[in-house]
Amino acid sequence: MVFGTVLRSRNWKLANYIFTNFYHVKTSPVLARTIDILDNENRAKLNFLSYLCAGNLVPHFTSGFTVLRSSRSIRNYSSEKRNEESSEWTGDIDYLDESGSVIFSGKGIRSVEPGLDNHVMVGGLKKPILNASAVAKLVEIVKRWKWGPDMETQLDRLQFVPNMTHITQALKIIGDSDASLSLFQWAKRQSWYSPNDDCYIILFHRLNESRDYDRIQSVFDDMVRDSSENGMSSFSAYNRVIQYLAKAEKLEVAFCCFKRIKECGCKVDTQTYNALITLFLGKGLPYKAFEIYENMEEAGCSLDVSTYELMIPSLAKSGRLDAAFKLFQEVKEKNLQPSFGIYTALVDSMGKAGRLDTAMKLYMEIQGFGLRPSAIMFVSLIESFVKAGKLETALRLWDEMKKAGFRPNYGLYTMMVESHAKSGKLEIATSLFSDMERAGFLPTPSTYSSLLEMHAASNQVDAAMKLYNSMTNAGLRPGLSTYTALLTLLAKKKLVDVAAKILLEMKAMGYMVDVNASDVLMVYIKDGSVDLALRWLRFMGSSGIRTNNFIIRQLFESCMKSGLYESAKPLLETYVDSAAKVDLVLYTSILAYLVRCQEEHNEKHLMDILSATKHRAHAFMCGLFTGPELRKRPVLSFVREFFLGIDYELEEGAARYFVNVLLNYLVLMGQINRARCVWKVAYENKLFPKAIVFDQHIAWSLDVRNLSIGAALIAVVHTLHRFRKRMLYYGVVPRRIKLVTGPSLKVVIAQMLSSVESPFEVSKVVLRAPGDLVLEWFKKQMVQQFLLNEIPSRADILMHKLNILFPCSAPEIRSLSPPKALVAGKPL
């Protein structure tokens, strides 16, 4: 009764469910009632009747008929083949109602053979199987059984033979990727299977939705085999696979598939090329993307807007500006409007590459199209012009950027301020710096430093100190270069107290201040401000800041030059106590000051300073002026012993300097014999190797141009004595004798020789005389006494010349480098 009520309400879905799942209602009365209802409704629902008829209804004439339940479904296709051997039944069948009354009689029908008939029988009528019914049957089976042997068994028992159109339509309806793949794999094993591009496209779409890329690759391999075996053209499917893999960032798999379809000779479309290019660019492999692009050009594939959007910025950013600009021109030739992104990339890359004219041309072109340059483009252009040193153009772009309504960012402010500051445009830099502060940006230590250092370089103390105070008040820590520039400025301005304050703040910041303090000290020394240098040194000592021995020596020499001998001695003692070695050059320079000293109290200070050097030359000096009873050896041997201890490879120049000054001192002290011993030993040790030249019988000469006055006088006397011995005792008389004096010593030596009536004539820089005249002159008793004993006393002339021409310490030509670097034999 329930089943009949459902039928009357025309709820065919519910009726189908009840009939299929409840076996006890499938009785003859029920079926008869069903037929009656369908007949009364003019059989409006033949599908349901088809279900009954296709369910292998086997009539039993003894008791109506019994339903043998079919294993599956509702709609069926049939094969075009007919079973010629089978015949229709000729007997009549009565359909009874629930009380057993006949409600319908008709001819009997035979069963439809699955897969052989192209129709179903409805009573005595042959009804063709519709495509929609076949697809629905496939979908029903697949959705119910999903996958596996059960599903394949049900598909094998279909009452019709499907074709690839049915499979394709079914795949479109089935949403599950596993079920779709199972149906497709079953179809591939059937004899009626043929490769289908649409079928593969649907499968790839389903697998892509489920992100099953391993199966995509597997199906792709199957598709390649199908293509090679059956000659199928899978243009769309091939390209769809690569696009899916590229979008999923499966780089290696996508590229492998791309290579395979290229090898197969399949055409690759523009969208696929674009997808691969996008993939390689996203993975940071621009050159691989360019390779894909080159393949695209070789294949003659047309470029679309997306390709240009991808390639032009990428080529530009990778530095291939010519290629990028060529594509840009192609876009314009095709009457396409280049996108704003292309313009931005080209402007940025051209600017960074230094092609500023091209960048500005593109910038103007954008404005010509009515486009508004972006903030990024403004920033890129300004940075490019700043780095190229074209600050005027950068400043003009800066103004245009602000007029366009864009606010410069923190980095751009910093760059503009620092670039103008470093180029010396302090007014513009200061203005930009003020704008930066008003905009709410806190300048970086680098920005402060660049401004402060440039103000310091311009000797603008007030502006530099204002920036320093602003920087420290903002809680920023000045850098080492900032402190150095500020301290140098304060030192130059001789603001010792302010410099000391800054140095202590620097020390409190944790910096090592010894070097900076020493630099300030050197500024005072080089400036000749010895008093300030000593004051700064005392400040350093009280603050526990040390300096190096080089600076101590420089300050000592500055004190000596300024005559501050009392301040110089403690410096020398500090120098010696710090294990620094006083070299022969330094000792000689002190001795030179003693030679020039004319005040007795200063001589005492200088003698104390010489003693404080603790140099072996001082012990030699003391021994040289003592008597033979204390020295216990002759003067000549004593002098030879001292000169043996000199390392001539390192101290040859220093030794010559020492001999020149020492001979000056000995002459002034009246120690002519000791002076002659010193000169003799110095000549023996080849300190003046070219001073005396014997050119056999032609010319003998003495060159004293590189000697001090005292050394020159002693050398002339001693050498003439040697010449006299050779000429009188050995009988060798040269044609001429020359004394090469130079312009500075010519007058002094000529005056000395004129006092003993010498035959030497004075020319420009030489005193010369014939050998015969000199021989006669040597025979005079007065000359013999002059050459053997000592120089006649002409103190008024001699001492005047000595005071003028005596050597000074000349600290500017000395350093801590080996004395060989000194000018050998500089006139002293």
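What counts and what doesn't
Residues numbered from 1 in each chain as written. Predicted model: local features only at pLDDT ≥ 70, side-chain atom pairs only at ≥ 80, totals over all residues. Heavy atoms only, no water. Helix = DSSP H or I, 4+ residues; strand = E, 2+ residues; numbered from the N terminus. Buried < 20%, exposed > 50% of the residue type's maximum accessible area, 1.4 Å probe, protein only. Contact = heavy atoms within 4.5 Å. Pairing = 2+ DSSP bridges. Phe/Tyr/Trp six-rings, centres within 6.5 Å; stacked < 30°, edge-to-face > 60°. Lys NZ or Arg CZ within 6 Å of the ring centre and 35° of its normal. Lys, Arg positive; Asp, Glu negative; His and termini not counted. Salt bridge = Lys/Arg side-chain N within 4 Å of Asp/Glu carboxyl O. Right-handed = clockwise from strand over helix to strand, strands pointing away. Axes fitted to C-alpha atoms, helices over the stretch in contact; angles between N-to-C directions. Parallel < 35°, antiparallel > 145°, perpendicular 65-115°, else oblique. Left-handed = near helix turned anticlockwise from the far one by under 90°. Nonpolar A, V, L, I, M, F, W, Y, C, P; charged D, E, K, R; others polar. Patch = residues over 30% accessible without salt bridge, like charges linked within 9 Å, V, L, I, M, F, W, Y side chains within 5 Å. Areas by Shrake-Rupley, 256 points an atom, 1.4 Å probe, with all protein chains shown as cover. pLDDT = per-residue confidence, 0-100. Expected span 1.5 Å × (residues − 1). Core = buried A, V, L, I, M, F, W, Y, C linked by side-chain atoms within 4.5 Å. Polar contact = N/O pair within 3.5 Å; in protein donor to acceptor, adjacent residues only side chain to side chain.

Even after reading the chapter, I still don't get the overall build of the protein, so can you show me in this structure?
Helix and strand counts for the protein come out as 42 helices and 11 strands. Here the protein holds 828 residues, and 49% of them are scored as buried. A separation threshold of at least 6 residues defines the contact pool for the protein, and within that pool the share at least 24 residues apart is 65%.

How should the sheet that holds strand E8 (residues 699-703) be read in this particular structure?
Strand pairing in a sheet relies on backbone hydrogen bonds, with the paired strands running either antiparallel or parallel. Pairing within the open sheet is mixed, and its 5 strands lie in the order E7-E8-E9-E11-E10. Because the sheet does not close on itself, it has two edges, and the strands there are strand E7 (692-695) and strand E10 (761-762). Note: E7 against E8, 4 bridges, orientation antiparallel. Bridging across to E8, phenylalanine 694 finds its partner in tryptophan 700.

Just to check I follow, could you spell out the packing of aromatic side chains for this structure?
The geometry of an aromatic ring pair comes down to the distance between the two centres and the angle between the two planes. Applying the stated criterion to the full structure yields 23 aromatic pairs. Aromatic pair phenylalanine 378 and phenylalanine 406: ring centres 5.9 Å apart, planes at 55 degrees, arrangement tilted. Of this pair, phenylalanine 378 sits in helix H19 (residues 375-387) while phenylalanine 406 sits in the loop between helix H20 (391-403) and helix H21 (410-422), and the two are 28 residues apart along the sequence. Ring geometry for tyrosine 413 against phenylalanine 441: centres 5.6 Å apart, planes inclined by 55 degrees, an arrangement best described as tilted. Of this pair, tyrosine 413 sits in helix H21 while phenylalanine 441 is found in the loop between helix H22 (426-438) and helix H23 (445-457), placing the two residues 28 residues apart along the sequence. Here a set of aromatic residues connected by ring pairs shows up, and it is made of Phe620, Phe638, Phe642, Phe643 and Phe658. Against the face of tyrosine 511 rests arginine 477, its NZ or CZ located 4.3 Å from the ring centre. Across from the ring centre of phenylalanine 694, 4.0 Å away, lies the NZ or CZ of arginine 726, which sits over that ring.

So what exactly am I meant to see when it comes to the side chain of glutamate 418 here?
Within the fold, glutamate 418 resides in helix H21. In this structure glutamate 418 is buried but unpaired, with lysine 422 as the nearest side chain of opposite charge at 4.2 Å. Excluding residues that lie within four positions of it along the chain, glutamate 418 makes contacts with Thr444, Ser446, Thr447 and Ser450.

Would you take a moment to explain the pattern of salt bridges for this structure?
Note on pairing: side chains with opposite charge can pair once their charged atoms come close. Using the criterion set out here, one finds 14 salt bridges in the structure. When the shortest N-O distance is used, the salt bridge between aspartate 435 and arginine 438 registers 2.2 Å. Residue aspartate 435 and its partner arginine 438 are located together in helix H22, separated by 3 residues, close to a single helical turn. Measuring nitrogen to oxygen at the nearest pair gives 3.8 Å for the salt bridge that ties glutamate 757 to lysine 780. Residue glutamate 757 is found in the loop between helix H39 (742-754) and E10, and its partner lysine 780 is found in the loop between helix H40 (771-778) and helix H41 (781-788); the two are separated by 23 residues along the sequence. On the basis of relative accessible area, glutamate 757 is assigned to the exposed category, the value being 51%. Taken together, the shared-partner salt bridges in this structure form one network comprising Arg553, Glu557 and Asp583.

I tried to follow the pairing of strand E9 (residues 736-740) on my own but got confused; where do I start?
On a regular strand, one side chain projects to one face of the sheet and the next to the other, so that they alternate. Note: E8 against E9, 5 bridges, orientation parallel. In the strand pairing of E9, tryptophan 700 is matched with isoleucine 737. In terms of handedness, the path from E8 via helix H38 (residues 709-729) over to E9 forms a crossover that is right-handed. In this sheet, strand E11 (residues 766-770) lies alongside E9 in antiparallel orientation, the contact comprising 5 bridges. For lysine 738, the partnering residue across the bridge sits in E11 and is arginine 768.

Explanation requested: the packing of helix H17 (residues 340-352) against H19 in the structure shown.
Describing two packed helices takes the angle between their axes plus the distance from one axis to the other. Taken N-terminus to C-terminus, the directions of H17 and H19 make an angle of 15 degrees; their axes are 8 Å apart at the nearest point. Classified by the interaxial angle, the pair formed by H17 and H19 is roughly parallel. Read as a crossing pair, H17 and H19 show a hand that is left-handed. Side by side, H17 and H19 meet where Phe340, Tyr343, Thr344, Val347, Asp348, Gly351 and Lys352 of the first sit next to Ile376, Met377, Ser380, Leu381 and Ser384 of the second. When the residues that make up the contact of H17 with H19 are grouped by side-chain class, the tally is 6 nonpolar, 4 polar and 2 charged.

Would you explain the side chain of threonine 588 in this entry?
Along the polypeptide, threonine 588 turns up in helix H31 (residues 584-596). Residues contacting threonine 588, with those up to four places away along its chain left out, are Tyr657, Phe658 and Val661.

Explain a nonpolar patch on the surface here, please?
Judged by side-chain polarity, Leu728, Tyr729 and Tyr730 come together as a nonpolar surface patch covering roughly 390 Å² of accessible area. Secondary-structure assignment places leucine 728 in helix H38.

I keep staring at unusual backbone geometry and nothing clicks. Help me out?
The phi angle of most residues is negative, glycine excepted, and most peptide bonds adopt the trans form. In the Ramachandran plot, lysine 494 falls in the positive-phi region, its phi being about 60 degrees despite a non-glycine side chain. Structurally, lysine 494 is set in the loop between helix H25 (480-492) and helix H26 (496-508). One non-glycine residue, lysine 614, adopts positive backbone phi at about 60 degrees. Its place among the elements puts lysine 614 in the loop between helix H32 (600-612) and helix H33 (616-624).

Explain the confidence of the model for the protein here, please?
Keep in mind that low pLDDT regions are not for reading the predicted coordinates in detail. Put simply, the protein has an average pLDDT of 75, and 78% of its residues get 70 or more. Highest mean pLDDT in the protein belongs to helix H28 (residues 530-542) (92); lowest belongs to strand E2 (residues 65-67) (32). Throughout residues 20-88 the model reports pLDDT below 50, and contacts reaching past four residues in sequence, or to other chains, amount to 157 contacts. Here residues 790-828 is a poorly scored stretch, pLDDT under 50, and it has 84 contacts once near neighbours within four places are set aside; other chains count.

I tried to follow helix H18 (residues 356-368) on my own but got confused; where do I start?
Since the α-helix packs 3.6 residues into each turn, any two residues three or four apart lie on the same face. Taking 1.5 Å as the rise per residue, H18 with 13 residues should run 18 Å; its terminal C-alpha atoms sit 18 Å apart, in good agreement. Within H18, the full set of buried residues consists of Leu356, Ala359, Met360, Leu362, Tyr363, Glu365 and Ile366. Buried residues along H18 sit in contact with helix H16 (321-333), H17, H19 and H20. Of the residues flanking the end of H18, it is glycine 370, one or two places downstream, whose phi is positive at about 85 degrees.

It is not clear to me how the nonpolar core should be interpreted in this structure. Could you clarify?
Ranked by size, the top nonpolar core spans 247 residues in total, and within it Phe204, Trp536, Leu555, Leu572, Leu753 and Phe760 carry the most contacts. Once residues lying within four places of it in the same chain are set aside, the contact partners of tryptophan 536 are Val496, Ala499, Ala500, Leu503, Ala517, Val520, Leu521 and Tyr524.

Explain the packing of H25 against H26 here, please?
Here H25 crosses H26 at 165 degrees, and the two axes come no closer than 9 Å. One finds that H25 runs roughly antiparallel with respect to H26. Crossing of H25 over H26 shows left-handed handedness. Across the interface between the two elements, Leu480, Tyr483, Leu486, Leu487 and Leu490 from H25 touch Val498, Ala499, Ile502, Leu503, Glu505 and Met506 from H26. In terms of residue class, the contact of H25 with H26 is built from 10 nonpolar, no polar and 1 charged.

Help me understand the environment of serine 744 in this model?
Along the polypeptide, serine 744 turns up in helix H39. For serine 744, a relative accessible area of 39% gives the class partly exposed. The spatial distance from the C-alpha of serine 744 to the C-alpha of isoleucine 709 is 9.0 Å, given a sequence separation of 35 residues.

Mind showing me how you'd approach H39 here?
Taking 1.5 Å per residue as the helical rise, H39 with its 13 residues ought to reach 18 Å, and the 17 Å between its terminal C-alpha atoms agrees with that figure. By the burial criterion, the buried members of H39 are Gly742, Leu745, Lys746, Val748, Ile749, Ala750, Met752 and Leu753.

Before we go on, may I ask you to explain the environment of asparagine 409 in this structure?
Inspection of the secondary structure assignment puts asparagine 409 in the loop between H20 and H21. Judged by its relative accessible area of 36%, asparagine 409 falls in the partly exposed class. When the C-alpha atoms of asparagine 409 and valine 379 are compared, they prove to be 8.6 Å apart, with 30 residues separating the residues in sequence. Among the polar contacts made by the side chain of asparagine 409, one reaches the main-chain amide nitrogen of leucine 412 at a distance of 2.7 Å.

What's the story with the environment of isoleucine 173 in this structure? I'm lost.
With respect to the secondary-structure elements, isoleucine 173 resides in helix H7 (residues 164-173). The spatial distance from the C-alpha of isoleucine 173 to the C-alpha of alanine 136 is 9.1 Å, given a sequence separation of 37 residues.

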